[in-house]
Amino acid sequence: QVQLVESGGGLVQPGESLRLSCVASGSIFNIAAMAWYRQAPGKERELVAGITSDISTNYADFAKGRFTISRDRAKNSAYLEMNSLKPEDTAVYYCNAAISDRAGGYYSRYWGQGTQVTVSS
């Protein structure tokens with residue numbers, strides 16, 4: 001089994017920063033893409049940023065210039081550096097990863113349990 005565990009959320013004021021972490025553990029042979037999603041109350045889950053195995057990145061328009069996604073392959077981890085946070089960034093942030101458990105195996109998508117980010121004065 002594979003587990004994704006997020007951490008780093010919290011309550012911050014507008015303009016402040018947070019760094020989210022996601023660590024994958026369990027039966028892992030390879031992690032392809034990793035991504036961060038978020039879901040605000042009453043809204044659908046949306047992509048924030050993604051990063052591939054060759055470190056190509058993509059960002060939602062609202063994240064460009066403020067958020068940075070990165071990963072550490074040796075630690076099976078991904079990070080989301082969030083700067084200049086706004087109240088509208090308030091949401092539960094989820095880590096997502098495409099993981100195979102063996103050579104030549106299929107990749108399955110896994111989700112973490114989420115970490116709450118609240119931006120409020």
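Keep in mind that this is a model prediction, so the values were computed, not measured.

Asks: Describe the pattern of salt bridges, and please don't skip the residues or the numbers.
Replies: Across all of its chains, the model carries 6 salt bridges by this definition. One salt bridge connects aspartate 89 with arginine 38, and the closest N-O pair in it is separated by 2.9 Å. In this pair, aspartate 89 is assigned in the loop between β8 (77–82) and β9 (91–100) and arginine 38 in strand β4 (residues 30–39), connecting sequence segments 51 residues apart. Of the residues examined, aspartate 89 reaches a relative accessible area of 1% and is grouped as buried. When the shortest N-O distance is used, the salt bridge between arginine 66 and aspartate 89 registers 2.8 Å. In this pair, arginine 66 is assigned in the loop between β6 (57–59) and β7 (67–72) and aspartate 89 in the loop between β8 and β9, connecting sequence segments 23 residues apart. As far as burial versus exposure is concerned, arginine 66 and aspartate 89 are alike and both buried.

Asks: An account of unusual backbone geometry is needed here, citing residue identities and associated values.
Replies: If you check the backbone angles, asparagine 76 has positive phi at about 50° while not being a glycine. Positionally, asparagine 76 belongs in the loop between β7 and β8.

Asks: Run through the nonpolar core, naming residues and quoting values.
Replies: Counting 28 residues, the largest nonpolar core has Met34, Trp36, Val48, Phe67, Leu80, Met82 and Tyr93 as the members making the most contacts within it. Among the elements that line this core, the one with the most residues is β9, at 5 residues. Not counting chain neighbours up to four residues away, the residues in contact with phenylalanine 67 comprise Arg38, Val48, Tyr59, Phe62, Leu80, Glu81, Met82, Asn83, Leu85, Asp89 and Tyr93.

Asks: Before we move on, could you go through the packing of aromatic side chains and cite the residues and values that matter?
Replies: Under the criterion given, the structure shown has 2 aromatic pairs. Ring centres of tyrosine 94 and tryptophan 111 lie 6.4 Å apart, and the angle between their planes is 85°; on these two criteria the pair is classed as edge-to-face. Of this pair, tyrosine 94 sits in strand β9 while tryptophan 111 is found in strand β10 (residues 108–111), placing the two residues 17 residues apart along the sequence. Under the relative-accessibility criterion, tyrosine 94 is labelled buried at 14%. Tryptophan 111 gets classed as partly exposed once you look at its relative accessible area, which sits at 39%. Each member of the aromatic cluster is reached from another via a ring pair, and the members are Tyr37, Tyr94 and Trp111. Sitting over the ring of phenylalanine 62, arginine 38 keeps its end group 3.7 Å from the ring centre.

What counts as what
- Residues numbered from 1 in each chain as written.
- Predicted model: local features only at pLDDT ≥ 70, side-chain atom pairs only at ≥ 80, totals over all residues.
- Heavy atoms only, no water.
- Salt bridge = Lys/Arg side-chain N within 4 Å of Asp/Glu carboxyl O.
- Helix = DSSP H or I, 4+ residues; strand = E, 2+ residues; numbered from the N terminus.
- Buried < 20%, exposed > 50% of the residue type's maximum accessible area, 1.4 Å probe, protein only.
- Core = buried A, V, L, I, M, F, W, Y, C linked by side-chain atoms within 4.5 Å.
- Contact = heavy atoms within 4.5 Å.
- Phe/Tyr/Trp six-rings, centres within 6.5 Å; stacked < 30°, edge-to-face > 60°.
- Lys NZ or Arg CZ within 6 Å of the ring centre and 35° of its normal.

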